[in-house]
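For reference, the chains in residue letters:
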Amino acid sequence: MLPDEPLPYRIATLCDLRDSAGRVLLLHRRKPPNQHLYSPVGGKLDIESGESPAACAHREIEEETGLDIPIERLHLLGLVAETAFEGRAHWLMFLYRVRGPVELAAQEIDEGRLEWHTENEVDALSLPETDRRVIWPLIRRHEPDGFFAVHIDCRGEALEWTVEQSTGPGGAG
């Protein structure tokens, strides 16, 4: 992409699934973006069909895990806006927490390997820097039923972020 060209804007979902032991399901990605890093299940909205964020989360969970999670079990935990992530695109991500535990064996899928990790293990994994420094701390502060909106500016050498809204557990308001 040439420096003067505007970056595309992508809209996606991230899905936080937990098992009965409280472990989080993460995808060790074999494809970009975040290749070789751990990320939550999720993917891009089907903009052409007018897909809603919740419908996208439902579809992505089913495509990547085979689980049919009713939309009623999805709680919008966060909105994450990233400016110039990896210098390739701007992202708007809807982060959903699946209410209640899910059971699934670790497995290989087209996108990579689905694995369960404890909260303590997550911090030691290879994560995107935005996830490590901003998103996971906000998830922990607002779980299980709070909400946050954050803007992360990825353009400079150092990440800069602003929490634009924070309510419920661990948040204000």
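Described below are features of the structure shown in this document. What you are looking at is a predicted structure, and each value in this text was computed from that prediction instead of being measured.

**Brief notes about the sheet that holds strand E10 (residues 160-167)**
Read from one edge of the open sheet, six strands run E4-E1-E6-E5-E9-E10, paired in mixed fashion. Edge positions in the sheet fall to strand E4 (41-44) and E10, since each of these pairs with one other strand and no more. Going from strand to strand, the sheet's axes swing by 15 degrees on average, the running direction of each strand aside. Pairing between strand E5 (residues 74-85) and strand E9 (residues 147-153): six bridges, direction parallel. What sits directly across from Ala81, in E9, is His151. Of the strands in this sheet, strand E1 (9-16), E4, E5 and strand E6 (89-98) are in contact with helix H1 (residues 53-65), which crosses E4 at around 120 degrees. Seen against the sheet, helix H3 (residues 129-142) touches E1, E5, E6, E9 and E10 and runs at an angle of roughly 170 degrees to E9.

**Some words on the pairing of E6**
Within E6, eight of the ten residues are buried, which leaves it mostly tucked inside the rest of the structure. As defined by bridge partners, E1 adjoins E6 across eight bridges and the pair is classed as parallel. Its bridge partner being in E6, Asp16 is matched across the sheet by Arg97. In this structure, E5 lies alongside E6, joined through nine bridges in antiparallel fashion. Paired with Gly78 across the strands is Leu95, a residue of E6. If you look at the hairpin formed by E5 and E6, you'll find three residues sitting between the two strands, and Glu86 has a positive phi there, around 55 degrees.

**What about the layout of surface pockets?**
In this structure, the largest pocket occupies an estimated 420 Å³ of space. What lines the largest pocket is a set of 25 residues, and nearest its centre among them are Arg29, Pro33, Gly42, Gly43 and Trp91. Among the secondary structure elements, those contributing two or more residues to the lining of the largest pocket are E1, E4, H1, E5, E6 and H3. Residue contributions to the lining of the largest pocket peak at four residues, all from E4. What the second largest pocket holds in volume is close to 160 Å³. Lining of the second largest pocket is provided by Arg10, Pro32, Pro33, Lys44, Phe85, Glu86, Arg88, Ala89 and Trp91. Among the residues forming the lining of the second largest pocket, the class breakdown is five nonpolar, no polar and four charged.

**Structural notes on the pairing of E1**
In terms of strand pairing, E1 meets E4 through four bridges, oriented antiparallel. Across the sheet, residue Leu14 finds its bridge partner in E4, namely Gly42.

**A look at H1**
Between its first and last C-alpha atoms H1 spans 18 Å; for 13 residues at 1.5 Å apiece the expected length is 18 Å, and the two agree. Remark: Gly66 follows H1 within two positions and exhibits a positive phi of approximately 85 degrees.

**Topic: the sheet that holds strand E3 (residues 38-39)**
Spatially, four strands are ordered E3-E2-E8-E7 in an open sheet, and the strand pairing comes out antiparallel. Strands with a single pairing partner mark the edges of an open sheet, and in this sheet they are E3 and strand E7 (107-109). Sheet analysis places strand E2 (residues 24-29) next to E3, joined by two bridges and oriented antiparallel. In the strand pairing of E3, His28 is matched with Tyr38.

**With respect to the environment of Ser49**
Mapping Ser49 onto the fold places it in the loop between E4 and H1. For Ser49, the side chain forms a polar contact with the main-chain oxygen of Asp46, separated by 3.2 Å.

**Some details on H3**
Taking 1.5 Å of rise per residue, the 14 residues of H3 would be expected to cover 20 Å, and the 19 Å separating its terminal C-alpha atoms lies within 8% of that figure. Along its length, H3 reaches its greatest deviation from straightness, about 35 degrees, at Ile135, and the proline Pro137 lies no more than four positions downstream. The set of residues buried in H3 consists of Thr130, Asp131, Val134, Ile135, Trp136, Leu138, Ile139 and His142.

Reading guide: rules and limits
- Residues numbered from 1 in each chain as written.
- Predicted model: local features only at pLDDT ≥ 70, side-chain atom pairs only at ≥ 80, totals over all residues.
- Heavy atoms only, no water.
- Pairing = 2+ DSSP bridges.
- Helix = DSSP H or I, 4+ residues; strand = E, 2+ residues; numbered from the N terminus.
- Axes fitted to C-alpha atoms, helices over the stretch in contact; angles between N-to-C directions.
- Contact = heavy atoms within 4.5 Å.
- Buried < 20%, exposed > 50% of the residue type's maximum accessible area, 1.4 Å probe, protein only.
- 1 Å grid on protein atoms, 1.4 Å probe; cavity = no way out; pocket = protein on both sides within 12 Å on 5 of 7 lines; lining within 4 Å.
- Points joined across faces, edges and corners; volume = space filled by probe spheres on them.
- Nonpolar A, V, L, I, M, F, W, Y, C, P; charged D, E, K, R; others polar.
- Expected span 1.5 Å × (residues − 1).
- Polar contact = N/O pair within 3.5 Å; in protein donor to acceptor, adjacent residues only side chain to side chain.
- Bend = angle between axes of the 7 residues up to and from the residue.

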